[in-house]
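Residues per chain, in single letters:
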Amino acid sequence: MENSRRQSLLPSFLYTPSSFSSFTPKTFAVPENTTSVLPAAHPSSTNKSFVIPAPSEPGKIEMYSPQFYAACTFGGILSCGLTHMAVTPLDLVKCNMQIDPAKYKSISSGFGVLLKEQGAKGFFRGWVPTLLGYSAQGACKFGFYEFFKKYYSDLAGAENAAKYKTLIYLAGSASAEVIADIALCPFEAVKVRVQTQPGFARGLSDGLPKFVRSEGTMGLYKGLVPLWGRQIPYTMMKFASFETIVEMIYKHAVPKPKNECSKSMQLGISFAGGYIAGVFCAIVSHPADNLVSFLNNAKGATVGDAVKKIGVVGLFTRGLPLRIVMIGTLTGAQWGIYDAFKVFVGLPTTGGVAPAAPAASEVAKV
């Protein structure tokens with residue numbers, strides 16, 4: 001029973017053993033009729049065993065344990081909640097440019113209009129629903145991504161998961177985001193209304209009950225489908241492109257293996273990979289972002305109304321330059337914070353090493 005419980009923690013190939021410089025390997029036996037999968041670093045090994053990293057010190061976190069997923073969840077809260085709150089001024093200008101482009105003609109003039117009408121403190125209007133909403137979203141996004149990535153890898157098997165790793169990243173991130181957006185949607189609805197309708201409410205405490213009285217409880221979720229349309233492609237691009245970009249950086253731009261790089265260098269690479277991924281995220285999710293802003297600002301509005309008012313070209317271009325700057329910075333900072341927290345609790349940084357397929361000689365033995 002104990003062996004089968006430990007075996008459920010596999011596969012280990014999504015995280016390189018060498019990433020755990022402070023860990024010692026722990027060997028788990030595999031039944032005789034099971035194909036043996038060996039990490040690439042041990043091609044000459046003949047015993048049928050999985051070698052996976054395990055903490056050598058009491059209190060350290062074991063991979064794929066409940067404590068591991070809890071750590072990833074808390075890291076997601078920090079990375080998404082804090083970063084989205086920090087860029088509230090950019091988000092505020094972006095939302096108003098999408099809703100009223102005649103008044104908010106550009107980034108610089110948009111900040112000028114807000115400063116003139118609402119003062120400096122107006123730049124952080126809506127920061128509470130932003131902090132709480134994106135903390136809830138980040139918890140689900142990162143925690144469930146790690147869970148689904150492992151789950152789909154187990155379903156696919158070691159060889160297929162190594163061969164189709166990008167599909168695993170895409171499926172895992174999409175599944176996680178479906179759940180994350182359900183947590184985010186009510187907060188996002190109130191945030192957009194507070195930010196784009198001066199005088200509607202001061203923030204979440206008075207904005208939420210006022211919104212519910214106006215549109216009912218289900219009105220908080222009228223933007224859920226457009227939110228999925230924005231966030232699912234965004235998150236799929238965010239995770240899959242990040243994993244690919246970081247792997248390419250370690251493979252082509254860094255002169256030594258990941259396990260020989262300092263933690264500060266690894267975190268710098270996480271930020272760089274996240275920023276580049278964020279640019280792609282902003283582009284693919286921008287039309288839906290315009291829809292979300294429009295629907296949450298106008299009572300009773302539909303997607304058709306949004307397309308008619310904004311135009312097809314406007315959906316793809318209105319507010320895009322600012323969103324690229326905002327999302328690029330945001331995504332880079334999120335991956336930096338997330339991986340910094342993982343390092344803090346003794347886990348490896350995300351990505352950087354391609355999964356190893358089963359050794360041909362080992363498969364032939366079975």
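Structure's up top.
Bear in mind the structure is a predicted one, so any value in this text is a computation, not a measurement. (Residues numbered from 1 in each chain as written. Predicted model: local features only at pLDDT ≥ 70, side-chain atom pairs only at ≥ 80, totals over all residues. Heavy atoms only, no water.)

Regarding its fold elements, the protein chain presents 14 helices and 2 strands. A burial count over the protein chain gives 52% of its 366 residues as buried. When contacts within the protein chain are restricted to residue pairs at least 6 apart in sequence, those whose partners lie at least 24 apart make up 78%. Put simply, the protein chain shows about 15,800 Å² of open surface, and 67% of that area lies on carbon and sulfur atoms. (Helix = DSSP H or I, 4+ residues; strand = E, 2+ residues; numbered from the N terminus. Buried < 20%, exposed > 50% of the residue type's maximum accessible area, 1.4 Å probe, protein only. Contact = heavy atoms within 4.5 Å. Areas by Shrake-Rupley, 256 points an atom, 1.4 Å probe, with all protein chains shown as cover.)

Our focus in this paragraph is the nonpolar core. Ranked by internal contacts, the top residues of the largest apolar core, which has 29 residues, are Phe68 and Leu347. Counting residues per element, this core draws most heavily on helix α9 (residues 224–253), at 7 residues. Sequence-distant contacts of leucine 347, that is, excluding residues within four places in its chain, are made with Ile61, Met63, Phe68, Ala71 and Lys342. (Core = buried A, V, L, I, M, F, W, Y, C linked by side-chain atoms within 4.5 Å.)

Before going further, it helps to spend a moment on the side chain of glutamine 266. By the secondary structure assignment, glutamine 266 is in helix α10 (residues 263–297). Dropping the residues within four chain positions of it, glutamine 266 is found in contact with Tyr250, Lys258, Cys261 and Thr349.

In this structure the tally under the stated criterion is 4 cavities of 30 Å³ or more. Roughly 150 Å³ of volume is contained in the largest cavity. Taken together, the elements giving at least two residues each to the lining of the largest cavity come down to α3 (88–99), α5 (127–156), α7 (165–196), α9 and α13 (320–344). When the residues that make up the lining of the largest cavity are grouped by side-chain class, the tally is 5 nonpolar, 4 polar and 9 charged. The residues that make up the lining of the largest cavity include at least three from each of domain 1 (60–221) and domain 2 (230–349). (1 Å grid on protein atoms, 1.4 Å probe; cavity = no way out; pocket = protein on both sides within 12 Å on 5 of 7 lines; lining within 4 Å. Points joined across faces, edges and corners; volume = space filled by probe spheres on them. Nonpolar A, V, L, I, M, F, W, Y, C, P; charged D, E, K, R; others polar. Domains from an automatic or database assignment.)

Below, the discussion takes up the layout of surface pockets. Taken as a whole, the second largest pocket encloses approximately 290 Å³ of empty space. What lines the second largest pocket is a set of 15 residues, and nearest its centre among them are Arg125, Gly126, Ala201, Arg202 and Gly203.

Relative to the elements of secondary structure, alanine 120 occurs in the loop between α4 (107–118) and α5. Separated by 31 residues in the primary sequence, alanine 120 and proline 89 have C-alpha atoms spaced 9.8 Å apart.

Here we take up the pattern of salt bridges. On inspection of all chains with the given rule, the structure shows 16 salt bridges. The partner of arginine 193 in a salt bridge is glutamate 215, and the shortest N-O contact between them spans 2.6 Å. Here arginine 193, found in helix α7, pairs with glutamate 215, found in helix α8 (residues 204–215); they are 22 residues apart in sequence, far enough to count as distant. Arginine 193 sits in the buried class, given a relative accessible area of 3%. (Salt bridge = Lys/Arg side-chain N within 4 Å of Asp/Glu carboxyl O.)

Once that is clear, we can look at the packing of helix α2 (residues 66–86) against α13. Contact geometry for α2 and α13: axes closest at 8 Å, N-to-C directions at 145°. Considering how the two elements wind past one another, α2 and α13 form a crossing that is right-handed. Here Ala71, Cys72, Phe74, Gly75, Gly76, Leu78, Ser79, Cys80, Thr83 and His84 of α2 lie close against α13, whose contacting residues are Leu330, Ala333, Gln334, Ile337, Tyr338 and Phe341. Here the residues of the contact of α2 with α13 are counted per class, giving 10 nonpolar, 6 polar and no charged. (Axes fitted to C-alpha atoms, helices over the stretch in contact; angles between N-to-C directions. Left-handed = near helix turned anticlockwise from the far one by under 90°.)

Apart from glycine, the bulk of residues carry a negative phi angle, and the bulk of peptide bonds sit in the trans form. One non-glycine residue, tyrosine 64, adopts positive backbone phi at about 65°. Counting through the fold element by element, tyrosine 64 comes out in the loop between β2 (49–54) and α2.

Residues Phe144, Phe147, Tyr151, Leu155, Val178, Ile179 and Ile182 make up a contiguous nonpolar surface patch of about 580 Å² in total accessible area. Elements represented by at least two residues in the nonpolar patch include exactly α5 and α7. When residues in the nonpolar patch are grouped by element, the largest group, 4 residues, is from α5. Mapped onto the secondary structure, phenylalanine 147 falls in helix α5. Overall, phenylalanine 147 belongs to the partly exposed group, its relative accessible area being 37%. (Patch = residues over 30% accessible without salt bridge, like charges linked within 9 Å, V, L, I, M, F, W, Y side chains within 5 Å.)

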